[in-house]
Amino acid sequence: MDANALNLALLAVRVAAGLMLFAHGWNHLVRMREGSGVSNWFASLGLRPGPAHAWLVTLTELAAGPLLVVGLFTPLAAAALTGVAVVAWITNHRSAGFFVFRRPTEGWEYVMILTVLGLALGALGPGEWSLDDALGFGWVDGWSGLAITAGAGLGGALALLVVFWRPPREETA
């Protein structure tokens, strides 16, 4: 495969994922400044305390997005994408079916793609057109990159859910 084509593709995927992640975090930040709605929403999902989780996801997205764009610490940024997507998948989207346009809660197709995208970026690495490459970080792709992304992303999501997630009990009729 042509190295420039691969590097262009990795750059495009990193930039798209990073900008999406940053925009999502920015949206959370703007909405949190308007009131307690985001915090209350996280609490309604069973993530307690709601304000701590609202800030955690917001800061994670705001930090990881630009790191993906420039390709710096790529396995960790990809882990953030993976972890945020997995927590959203389990806490909010899992029972709504596959399609994202289902209401009242969107389906899980979107967060599934983000989860796989994060893991794939961890395995593929940032490419040569990245700060990781410019700084000589050789640990950022291949099996080591995938291990870091999966361990931090999936492991972090699992740990967060085990410690902080208390799903609301379904009411029986």
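### Quick notes on the overall build of the protein chain
No. 1: Helices and strands together make up the secondary structure of the protein chain, namely seven helices and zero strands.
No. 2: Traced from its N-terminal end to its C-terminal end, the protein chain shows the element sequence α-α-α-α-α-α-α.
No. 3: The C-alpha atoms of the protein chain give a radius of gyration of 17 Å, which matches the 16 Å a tight globule of 173 residues would have.
No. 4: Dimensions of the protein chain along its principal axes, counting C-alpha atoms only, are 60 × 30 × 30 Å.
No. 5: For the protein chain, with 173 residues in total, the buried portion stands at 38%.
No. 6: Long-range pairs, those at least 24 residues apart, make up 67% of the contacts in the protein chain with a sequence separation of at least 6.
No. 7: Counting every atom, the protein chain has about 9,500 Å² of accessible surface; 69% of that belongs to carbon and sulfur.
No. 8: Put simply, the protein chain has 9 plus and 11 minus side-chain charges, and the middle of one group is 15 Å from the middle of the other.

### Things to note about the packing of helix H4 (residues 74–93) against helix H7 (residues 142–164)
No. 1: Taken N-terminus to C-terminus, the directions of H4 and H7 make an angle of 35°; their axes are 8 Å apart at the nearest point. The element H4 and its partner H7 pack so that their crossing is right-handed. Mapping the contact onto sequence places Pro75, Leu76, Ala78, Ala79, Thr82, Gly83, Val86, Val87, Ile90 and Thr91 in H4 and Gly145, Ile148, Thr149, Ala152, Gly153, Leu154, Ala157, Leu160 and Leu161 in H7.

### Structural notes on the nonpolar core
No. 1: By size, the foremost hydrophobic cluster in this structure holds 13 residues, and its most contacted members are Val38, Phe42, Leu47, Ala54, Val87, Leu160 and Leu161.
No. 2: Elements represented by at least two residues in this core include exactly helix H2 (37–44), helix H3 (50–70), H4 and H7.
No. 3: Residue contacts for Ala54: discarding those within four places in its chain leaves Met32, Val38, Ser39 and Phe42.

Conventions used here
Residues numbered from 1 in each chain as written. Predicted model: local features only at pLDDT ≥ 70, side-chain atom pairs only at ≥ 80, totals over all residues. Heavy atoms only, no water. Helix = DSSP H or I, 4+ residues; strand = E, 2+ residues; numbered from the N terminus. Rg over C-alpha atoms; globule rule 2.2 N^0.38 Å. Buried < 20%, exposed > 50% of the residue type's maximum accessible area, 1.4 Å probe, protein only. Contact = heavy atoms within 4.5 Å. Areas by Shrake-Rupley, 256 points an atom, 1.4 Å probe, with all protein chains shown as cover. Lys, Arg positive; Asp, Glu negative; His and termini not counted. Charge placed at Lys NZ, Arg CZ, Asp CG, Glu CD. Axes fitted to C-alpha atoms, helices over the stretch in contact; angles between N-to-C directions. Left-handed = near helix turned anticlockwise from the far one by under 90°. Core = buried A, V, L, I, M, F, W, Y, C linked by side-chain atoms within 4.5 Å.

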